[in-house]
Amino acid sequence: MPDPVRLPYSQLDQLPDRDPEETAEWRESLDAVTAAAGPHRAAYLMRRALEHTADPALVPLETDYVNTIPTSAEPEFPGDEAMEARITAWNRWNAAAMVTRGSKLGLGGHIATFASAAWLYETGFQHFFRGKEGTGSGDQLYIQGHASPGIYARAFLDGRLNEEQLDHFRQEAGGEGLPSYPHPRRLPWLWEFPTVSMGLGPLSAIYQARFNRYLEHRGIKDTADSHVWAFLGDGEMDEPESTAALALAGREGLDNLTFVINCNLQRLDGPVRPNFKIVQELEAQFRAAGWNVVKSLWGRAWDEVFALDTDGALVRRLRETPDAQFQTYATRDAAYIREHFFGATPGLRALGDSLGDAKLLELFQTSRAGHEPRKVYAAYRAAVEHKGAPTVILAQTVKGYTLGAGFESRNANHQMKKLTGQEFRAMRDLLELPIPDSALEGDTVPYWRPAEDSPEMVYLRERRAALDGPAPARKVTPKPLPMPSPKAFDALKKGSGSQEIATTMAFVRLVKDLMRDKETGKRWVPIVPDEARTFGMESLFPSAGLYSPKGQTYDPVDRDQLLYYKEAKNGQILNEGITEAGSLADFTAAATSYATHGEPMIPFYIFYSMFGWQRTADQFWALADQLGRGFVIGATAGRTTMTGEGLQHADGHSHLIASTNPAALSYDPAFAYEVAVIVKEGLRRMYGPDAEDVFYYLTVYNETKVQPAMPAGLDEEAILRGLYRFQEAAAPAADAPRLQLLASGTAIHWALDAQRLLAEDWGVAADVWSAPSWTELRRDALACDAARLDGEDRVPYVTRALEGAPGPVVAVSDWMRAVPDQIAPWVEQDWVSIGTDGFGLSDTRDAARRHFGVDPQSVTVQALAALARRGDVKPETVKEAKARYGL
């Protein structure tokens, strides 16, 4: 935990001290104990005093419901506040106009979020957010998804978007529209991070900030000037992912990270904490995790009122008032506020009576720190200057601010998609925009922007030039990586001789060799959620080291062993503990480093296959949205290879989930040489001169087998396309029944055993095919179907590969039948699939495979049944086979 930072001001400075002498005595006593017995004794006495009371108000994780930074302690505002107010007003107008114009097509959009957060963004754009035109990487901005109209409005103001593009908000089918939310795949020059799947933004931001440090500590990129800003909603913090990694950020002192939580007290349907206080809850949560907390709640109008609170009654009342009630105050008249808020105690009533109606309405309807640029600036300055811990800014705003009484603080405002003409006129007047009435007479509200040589536009350009160009922005400078020496790949292609190794170990050996490459070895980023030893990766510990910003501050228990647990500040392995979500956030940061930092990295994230796509499919979608590149390894794959582990460890469906992600190239290799071919191609395709925005998903197994050498003459392209004949039937008789056995992954061994049983016991000749990718076969076939509609004569690869192959096709895998069934429509032969549908179970591999009907004997019976349906064998043969094999 970082050392505490002594601030030059106190949150309590803005509140009256009714007995300064008593306060001084307490402080002197504490100083005396510290001087005489040391700080630990002083802390002990303070804890004893706190334990003595049961009053929750004395719990130190929460402070009063007032600003952390008093007005008197705010730094000098460096900008032209009036100029920035005009720029912000234009952005507010154009954001509302864009959404309202789109609503005529039924497309809509969100208005209220940006309306409340406009100053939170604009203060950053004018003074803090660094662009990418300087020498560094710039800042990384995680924009709150529902605020995207405001970001488009600013891009329109700074000349990066035009009116036609704004009018194509949420109209993407033609290829030129603006996506509704931050989406790098749809608008790759603007957006860096997809954030509207709420909860993923905060999680990803933490791991992005950590990965920035990782790059710096490993000497790959100086990221000292890069700051990560995550803009979040208070309702978004309900998502478990939002707070899942707070302790990591606090533990590692990520002072290059700032969360800005827009506390407008509303989620999508109503108050965030109707009967409680979300700001206080978040303060305690973040403070407990080791974060620096800055509360920016009240505007300057509250200062003189706090000065009148000599007995603390006002502060107590603010702290006890639940959020839903405060939301009500923001929509009611002065009489209601005077009676229901200030009427709680005689002292408060007297305070309320001293305030005029206009003052009461200003306090409760508009005076929020999040709407005052000086207070936002002070909070941001405090965040970037704080060292040793990340900062969260809890900024209070009014949802729908400046949009009129019909929007502001209303429960339904998240669903309100347009303003009326009357509301636009009121907004124009409130924002003091020079838009004539004549421009508002038509059915379509106009966009508006100052002239290019106007003071506002000159100021905007100057501010962004001083901050290294426009933001947000995504910039990709191609930086192809050289292909590593073929030696490592050739080693797997030679096979394992008489040694039995699992494909998991084959992959680990390959990567270990590739990490030694002089050119690209340092760019590999191994990521594992605390299962490295399970996957045989402990050999990497002493050579590559596990990354820790503190290095290794202890003597490891296994230091005298060859493969000891070695942590290092420049360590290469990211061992994340038991968190698939955190590991995938790590992977995403590394997989997009080619764009974020101009440094292509080669991450591989290895995990129990069951705990990958099933748990984190939403993050895989975000990875695809963010155009990530790298290798995702589902280890200990399949429904039946995990002996004794049972249902929650038995994966028979991740390939089906992966097949839904267009950026995922999914493979289920059977042999080590297939792993080598696929990884080699992946490196070329993702990191070569014509790099593509895809990532590879490989499933590998923990079942040890002799790995054969790559067959002579086998075209590697066949492996990559997804199907090739591995072993033909041995010299079948001329009248022997024929069939084709297709298998992927570990199921290839069941097919080979079934091939032998069919020949020896039933005189049936079966060819065995390896199918490294059912999904890629299907995608090729779909592309061919689409091409034929355009008049091209294209035949799917799977159809061509099996053309003329005699007999039915029987497909088997350790996955549910829907995985191989993906290619059934393009197989001209009779089709049968066998798989592991249903829930997993604990038992031996043989017993589990017999249970699911995928063991060699079951495959044999299914093959005979397929032949019987064609009349190639007698029906009685199937019954005889079942009896012989005890099925």
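A few points on the structure. In this text, all values refer to a predicted model and were calculated from it rather than measured experimentally.

### A short note on helix α29 (residues 747-762)
Note that an α-helix has 3.6 residues per turn; residues three or four places apart therefore point the same way.
Turning to step 1, where the next piece is worked out: Under the 1.5 Å per step criterion, the end-to-end length of α29 is 21 Å for 16 residues, consistent within 8% with the ideal 22 Å.
Turning to step 2, where the next piece is worked out: Along α29, the positions that sit buried rather than exposed are Ala747, Ile748, His749, Trp750, Ala751, Leu752, Ala754, Gln755, Leu757, Leu758 and Trp762.
Turning to step 3, where the next piece is worked out: Remark: Gly763 follows α29 within two positions and exhibits a positive phi of approximately 65°.

### Quick notes on the packing of α29 against helix α33 (residues 856-870)
Turning to step 1, where the next piece is worked out: Across the interface, α29 lies against α33 with an axial gap of 8 Å and an inter-helix angle of 60°. As the angle between them shows, α29 and α33 are arranged oblique. Like other packed secondary-structure pairs, α29 and α33 cross with a definite hand, here right-handed. The residues of α33 that touch α29, namely those facing Trp750, Asp753, Ala754, Leu757, Leu758 and Trp762, are Pro856, Gln857, Val859, Thr860, Ala863 and Leu864.
Turning to step 2, where the next piece is worked out: Partitioned by chemical class, the residues of the contact of α29 with α33 number nine nonpolar, two polar and one charged.

### Considerations on the nonpolar core
Turning to step 1, where the next piece is worked out: Of all hydrophobic cores here, the largest spans 106 residues; its most connected members are Phe631, Val679 and Leu741.
Turning to step 2, where the next piece is worked out: A total of ten residues in this core trace back to one element, the largest contributor, which is helix α27 (residues 672-687).
Turning to step 3, where the next piece is worked out: In this structure, Val679 is in contact with Phe489, Phe507, Leu510, Leu514, Phe631 and Leu698, ignoring residues within four places of it in sequence.
Turning to step 4, where the next piece is worked out: In terms of nonpolar packing, the next biggest core, distinct from the first, is built from 66 residues, Ala118, Leu187, Leu419 and Leu433 among them.

### Considerations on the pattern of salt bridges
Turning to step 1, where the next piece is worked out: Across all of its chains, the model carries 51 salt bridges by this definition.
Turning to step 2, where the next piece is worked out: In this structure, the salt-bridge partner of Arg338 is Asp357, at a minimum N-O distance of 2.4 Å. Placement of Arg338 in helix α14 (residues 334-340) and of Asp357 in helix α16 (residues 357-366) is noted, with a sequence separation of 19 residues between them.
Turning to step 3, where the next piece is worked out: Judged by relative accessible area, which is 18%, Arg338 ranks as buried.
Turning to step 4, where the next piece is worked out: Residue Asp357 is classed as partly exposed on the basis of its relative accessible area, which comes to 44%.
Turning to step 5, where the next piece is worked out: Put simply, Arg210, Glu252, Glu576 and Asp586 are held in one network by salt bridges that share partners.

### Some words on the packing of aromatic side chains
Turning to step 1, where the next piece is worked out: Applying the stated criterion to the full structure yields 50 aromatic pairs.
Turning to step 2, where the next piece is worked out: Feature note: the residues Tyr65, Trp298, Trp302, Phe306, Phe326, Tyr329, Tyr336, Phe341, Phe342 and Phe364 constitute an aromatic cluster, connected by ring pairs.
Turning to step 3, where the next piece is worked out: The lysine or arginine in question, Arg449, covers the ring of Phe156, its NZ or CZ lying 4.8 Å from the ring centre.
Turning to step 4, where the next piece is worked out: Against the face of Phe611 rests Arg615, its NZ or CZ located 4.9 Å from the ring centre.

### Here's the deal with the packing of helix α1 (residues 20-37) against helix α2 (residues 39-52)
The geometry of a pair of packed helices is captured by two quantities: the angle between their axes and the separation between those axes.
Turning to step 1, where the next piece is worked out: Two elements in contact, α1 and α2, have axes whose closest approach is 6 Å; the angle formed by their N-to-C orientations is 135°. The pairing of α1 with α2 is recorded here as oblique in orientation. Taking contact as the criterion, the partners of Leu30, Val33, Thr34 and Ala37 in α1 are, on α2, Pro39, Arg41, Ala42, Leu45 and Met46.
Turning to step 2, where the next piece is worked out: Looking at the contact of α1 with α2 residue by residue, the class counts come to seven nonpolar, one polar and one charged.

### Some points on a negative patch on the surface
Turning to step 1, where the next piece is worked out: Taken together, Asp17, Asp19, Glu21, Glu22, Glu25, Glu28 and Asp31 make up a surface patch of like negative charges.
Turning to step 2, where the next piece is worked out: Topologically, Glu21 is positioned in helix α1.
Turning to step 3, where the next piece is worked out: When its relative accessible area of 62% is taken as the criterion, Glu21 is described as exposed.

### Re the sheet that holds strand β4 (residues 292-296)
Within a sheet, adjacent strands bond to each other through the backbone by hydrogen bonds, running parallel or antiparallel.
Turning to step 1, where the next piece is worked out: Across the sheet, five strands lie side by side as β1-β2-β3-β5-β4; this open sheet has parallel pairing. Only two strands of the sheet have a single neighbouring strand rather than two, namely β1 (140-142) and β4. Neighbour-to-neighbour, the strand axes of the sheet open up by a mean angle of 15°, direction not taken into account.
Turning to step 2, where the next piece is worked out: In this structure, strand β3 (residues 257-263) lies alongside strand β5 (residues 391-396), joined through six bridges in parallel fashion. Each bridged residue has a counterpart across the sheet, and for Ile261 the counterpart in β5 is Leu394.
Turning to step 3, where the next piece is worked out: Contacts from helix α4 (residues 112-127) reach β1, β2 (228-233), β3 and β5 within the one sheet, and its direction differs from that of β3 by about 150°.

Cut-offs applied
Each chain carries its own residue numbering, running from 1 in the direction its sequence is written. Residue-level local features of this predicted model are given only where pLDDT is at least 70; pairs of side-chain atoms are given and counted only at 80 or more, and the full residue set underlies all totals for whole chains, interfaces and linings. Hydrogens are left out, water is left out, and the side-chain values use all remaining heavy atoms of the structure. Helix numbers and strand numbers start at the N terminus; a helix is a DSSP run of H or I with at least 4 residues, a strand a run of E with at least 2. Every helix has an expected span of 1.5 Å times one less than the residues it contains. Burial here depends on accessible area, computed with a 1.4 Å probe over protein chains only, as a share of the maximum for the residue type. Under 20% is buried, over 50% is exposed, and the range in between is partly exposed. An axis is simply a line fitted to the C-alpha atoms; with a helix, the fit covers only the stretch in contact. Between two such axes, the angle follows the N-to-C directions and lies from 0 to 180 degrees. Orientation categories follow fixed angle ranges, with anything under 35 degrees roughly parallel, anything over 145 roughly antiparallel, 65 to 115 roughly perpendicular, and all other angles oblique. In a left-handed crossing the near helix is turned counterclockwise from the far helix by less than a right angle, and in a right-handed crossing that turn is clockwise. It only takes one pair of heavy atoms within 4.5 Å for two residues to be counted as in contact. Classification used: nonpolar for Ala, Val, Leu, Ile, Met, Phe, Trp, Tyr, Cys and Pro, charged for Asp, Glu, Lys and Arg, polar for all others including Gly. Think of a nonpolar core as a cluster: buried Ala, Val, Leu, Ile, Met, Phe, Trp, Tyr and Cys residues, connected wherever their side-chain atoms sit within 4.5 Å. By definition, a salt bridge exists where a carboxyl oxygen of Asp or Glu is found within 4 Å of a side-chain nitrogen of Lys or Arg. Two rings from Phe, Tyr or Trp (for Trp, the six-membered ring) form a pair when their centres sit within 6.5 Å of each other. Planes less than 30 degrees apart are called stacked, planes more than 60 degrees apart edge-to-face, and all others tilted. Whether a charge sits over a ring comes down to the Lys NZ or Arg CZ being within 6 Å of the ring centre and within 35 degrees of the ring normal. Any residue with relative accessible area above 30% and no salt bridge may belong to a patch, with like charges joined within 9 Å and the nonpolar Val, Leu, Ile, Met, Phe, Trp and Tyr side chains within 5 Å. All accessible areas in this document rest on Shrake-Rupley with a 1.4 Å probe, and a residue is counted as covered only by the protein chains that are shown. Here the positive residues are Lys and Arg and the negative ones are Asp and Glu; neither His nor the chain ends is included. To locate a charge, take NZ of a lysine, CZ of an arginine, CG of an aspartate or CD of a glutamate. Strands pair, by our definition, only if DSSP identifies at least two bridges between them.

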